[in-house]
Amino acid sequence: MKNDLLAWMKPAHSQEAETPQAPFLAIDQLSKRFGALTVLAGIDLVVHKGEFVCLLGPSGCGKTTLLRQVAGLDRPDSGRIVMNGRDVTQLPPGQRDYGIVFQSYALFPNLTVADNIGYGLQGPRATRQQRIRSLLSLINLDAIADRYPAQLSGGQQQRVALARALATSPSLLLLDEPLSALDAQVRQHLRQEIKALQHTLNITTIMVTHDQEEALTMADRIVVMHQGRIEQIGTPAEIYHQPATRFVASFVGQGNWLHARPVGNDQLQLGELTLPRPAVLPPINAQGQIELFCRPEHIVLHPNWPAAGVATALADIQRIELLGPIYRLHLHVPAWGQQTVLADIGHQTFFTQAIARQQRVTISLPDASQLLFESEPRP
Ligand SMILES: Nc1ncnc2c1ncn2[C@@H]1O[C@H](COP(=O)(O)OP(=O)(O)OP(=O)(O)O)[C@@H](O)[C@H]1O
């Protein structure tokens, strides 16, 4: 049944789709204002065929507005949207060739699951029925084809909405926070299902989310937005490990921000700790400071003081949080300028080092884990 579906899903494994890096969607200098508020300020973005791109950012940064421009549900003030080589900027939604799923399931309450899925289909009845059966099978809802939306769980309703969005075999799938109304376990499961479906169908997908974990686990590339602008476009690993701006570093994941001071031509001073200084520095503030950024998981705990071959510091454990697979320690580190530092450690380290509150531990900061940013008020 799934093969039937692949046969009529036109983007899937067609000759066109064999060039995965071909641009499918090109957004060029797109701007949008609502009254005095600039919501999109010159957005440039290229999405390739078969790619899964997440628009990630805090509430109000313009993610949904950008998705709505692509869908034609709103028109930009300036700029261009080219889809599959066709300028669609001024075209109505019906002429744009996409399927869309919203946060609210938006199913027709008076239609069964099967009829909801088949709503937009045209052609002979037998062909429509076959497509509906294929879609039901694809999302594992065969058993509930005759139920009404009110008889379904939230997760089931969202899968029906997904099948309906795919029913007309669109070239582009738009997802606007499709999982945010669901509970954590269902959300986790549907993440995998959507990703697998997207991969099977090779359908170009753009998903709006404010959930960084969702973006990191699902996207091929993430577009981080802030105040109507794109801060960074990159793979999940690039966004997490090489944040281009302090906004991206603060918004995605947890981090330690430590005041440091460039000294001479080749050193950085972090409290009593002297570190090598990179050739290029960010701008230095009036107090002669910059900020050193590192992730909590990069802080290393050593079983003994001092540890051989590394510059270590003593830290007092002020608080311990269990975050499921890891423990997060809140450390007071006098030698690094009285700064509070977060350190994430695994259960094995936690138990072998018999970690407890108010204990004194030895820590170090690997050079490779550090990034430097201009000191300024945090977002
Ligand atoms: N039709 C509209 N009229 C006026 N202002 C609007 C309109 N639509 C959106 N806005 C404003 O534009 C800004 C961006 O909204 P948008 O919905 O794109 O943000 P978002 O990043 O998707 O946020 P969220 O995650 O909360 O949905 C917000 O300040 C919002 O209030």
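Just so it is clear, the model here is predicted, and its values are computed rather than measured. Sequence order as written defines the numbering, with residues in each chain counted from 1. Since the coordinates come from a predicted model, pLDDT governs what is reported: local features require at least 70, and pairs of side-chain atoms require 80 or more to be given and counted, while whole-chain, interface and lining totals use all residues. For side-chain calculations, the full set of non-hydrogen atoms in the structure is used, while hydrogens and water are omitted.

Considering the site of the ligand
Residues are counted as near a molecule or strand when any one of their heavy atoms sits within 4 Å of it. Neighbouring the ligand are Phe-34, Leu-37, Val-39, Pro-58, Ser-59, Gly-60, Cys-61, Gly-62, Lys-63, Thr-64, Thr-65 and Glu-177. Polar contacts, as counted here, are pairs of nitrogen or oxygen atoms within 3.5 Å of one another; within protein the pair requires one atom able to donate a hydrogen and one able to accept it, and residues that are adjacent in sequence qualify only if both atoms are side-chain atoms. A distance of 2.9 Å is found between an oxygen atom of the ligand and a side-chain nitrogen or oxygen belonging to Lys-63. Values of accessible area rely on a 1.4 Å probe in the Shrake-Rupley scheme; residue burial ignores everything except the protein chains shown. Burial of the ligand by the protein amounts to 56% of the accessible area it has alone, namely 630 Å². Broken down by secondary-structure element, the contributors of at least two residues to the shell around the ligand are β2 (37-48) and α2 (63-71). Per the convention used, a helix needs a DSSP run of H or I reaching at least four residues, while a strand needs a run of E reaching at least two, with both numbered from the N terminus. It is α2 that provides the largest number of residues to the shell around the ligand, a total of three residues. Residues are sorted three ways: Asp, Glu, Lys and Arg are charged, Ala, Val, Leu, Ile, Met, Phe, Trp, Tyr, Cys and Pro are nonpolar, and all the rest, Gly among them, are polar. Its residues assigned to classes, the shell around the ligand comprises five nonpolar, five polar and two charged.

A short note on the state of the cysteines
Only a pair of cysteine sulfur atoms within 2.5 Å counts as a disulfide in this structure description. Using the criterion set out here, one finds zero disulfides in the structure. For the unlinked cysteine Cys-54, the closest cysteine sulfur is that of Cys-61, found at 13 Å. A relative accessible area of 0% means that Cys-54 is categorised as buried. Buried residues are those whose accessible area, probed at 1.4 Å on protein chains only, stays under 20% of the maximum for their type, while exposed residues exceed 50% and partly exposed ones sit between those limits.

Quick look at the packing of aromatic side chains
Within 6.5 Å between ring centres, the rings of Phe, Tyr and Trp (the latter by its six-membered ring) count as paired, and their orientation is classed by plane angle as stacked under 30 degrees, edge-to-face over 60, tilted in between. Within this structure, the stated rule accounts for eight aromatic pairs. Aromatic side chains Phe-293 and Phe-373 sit 6.1 Å apart centroid to centroid with 85 degrees between the ring planes, which places their arrangement in the edge-to-face category. On the criterion of sequence distance, the pair formed by Phe-293 in strand β14 (residues 290-294) and Phe-373 in strand β20 (residues 371-374) is long-range, its members being 80 residues apart. Take Phe-293 and Phe-373: they sit in the same class, and that class is buried. Between Tyr-327 and Phe-351, the aromatic rings sit 6.4 Å apart at their centres with planes inclined by 85 degrees, giving edge-to-face as the arrangement. Highlighted residues: Tyr-327 in strand β17 (residues 326-333) and Phe-351 in helix α10 (residues 347-352), separated in sequence by 24 residues.

Observations concerning the environment of Ile-117
Along the chain, the position of Ile-117 falls in helix α3 (residues 113-118). Each C-alpha atom of the pair Ile-117 and Ala-145 lies 9.4 Å from the other, and the pair is 28 residues apart in sequence. Any pair of residues with heavy atoms lying within 4.5 Å of one another is described as a contacting pair. When residues no more than four places from it in sequence are discounted, the contact partners of Ile-117 are Leu-135, Leu-136, Val-160, Ala-163, Arg-164 and Ala-167.

Some thoughts on the nonpolar core
If you look at the biggest cluster of nonpolar residues, it comprises 46 residues, and the most contacted ones within it are Ile-117, Leu-162, Leu-166 and Leu-175. In terms of residue count, the dominant contributor to this core is helix α5 (residues 154-166) (six residues). Once residues lying within four places of it in the same chain are set aside, the contact partners of Leu-162 are Val-101, Leu-173, Leu-175, Ile-194 and Leu-197. Remark: nonpolar core denotes a set of buried residues (Ala, Val, Leu, Ile, Met, Phe, Trp, Tyr, Cys) joined through side-chain atoms within 4.5 Å. By size, the runner-up hydrophobic cluster in this structure holds 30 residues, among which are Leu-275, Leu-301, Val-333 and Leu-365.

Topic: the domain arrangement of the protein chain
Segment limits for the domains were obtained from an automatic or database-derived domain assignment. Domain assignment breaks the protein chain into domain 1 (25-249) and domain 2 (257-374). Inter-centroid distance (C-alpha atoms) of domain 1 to domain 2 is 40 Å. Contacts between domain 1 and domain 2 engage eight residues on the former and eight residues on the latter. Take the accessible area each of two parts loses on contact, using a 1.4 Å probe, and add the two losses: that sum is the buried area. With both chains or domains summed, domain 1 and domain 2 bury close to 700 Å², and 50% of this area falls on carbon and sulfur atoms. For domain 1, the biggest contributors to the area lost against domain 2 are Tyr-240, Arg-246 and Ala-249; these three give 74% of the whole. Whenever a carboxyl oxygen of Asp or Glu lies within 4 Å of a side-chain nitrogen of Lys or Arg, that contact is scored as a salt bridge. Taken together, the links from domain 1 to domain 2 amount to one salt bridge. The salt bridge involving Glu-291 is made with Arg-246; its shortest N-O contact spans 3.0 Å. Our enumeration of links across domain 1 and domain 2 arrives at four residue pairs in polar contact (both at pLDDT 80 or more). Residue assignment for the side of domain 1 that touches domain 2 shows that the elements contributing at least two residues are α8 (236-241) and α9 (246-251). It is α8 that provides the largest number of residues to the side of domain 1 that touches domain 2, a total of three residues. Residue composition of the side of domain 1 that touches domain 2, by class: five nonpolar, two polar and one charged.

Here we look at the pairing of strand β11 (residues 256-263)
Regular strands have side chains that alternate between both faces of the sheet. Any two strands with at least two DSSP-identified bridges between them are counted as paired. Summarising the sheet, β11 and β14 pair through five bridges and their orientation is antiparallel. Paired with Leu-258 across the strands is Leu-292, a residue of β14. One ladder, built from three bridges, connects β11 with strand β12 (residues 267-270); its direction is antiparallel. Bridge pairing in β12 links Val-263 to Gln-267. If you look at the hairpin formed by β11 and β12, you'll find three residues sitting between the two strands, and Gly-264 has a positive phi there, around 60 degrees.

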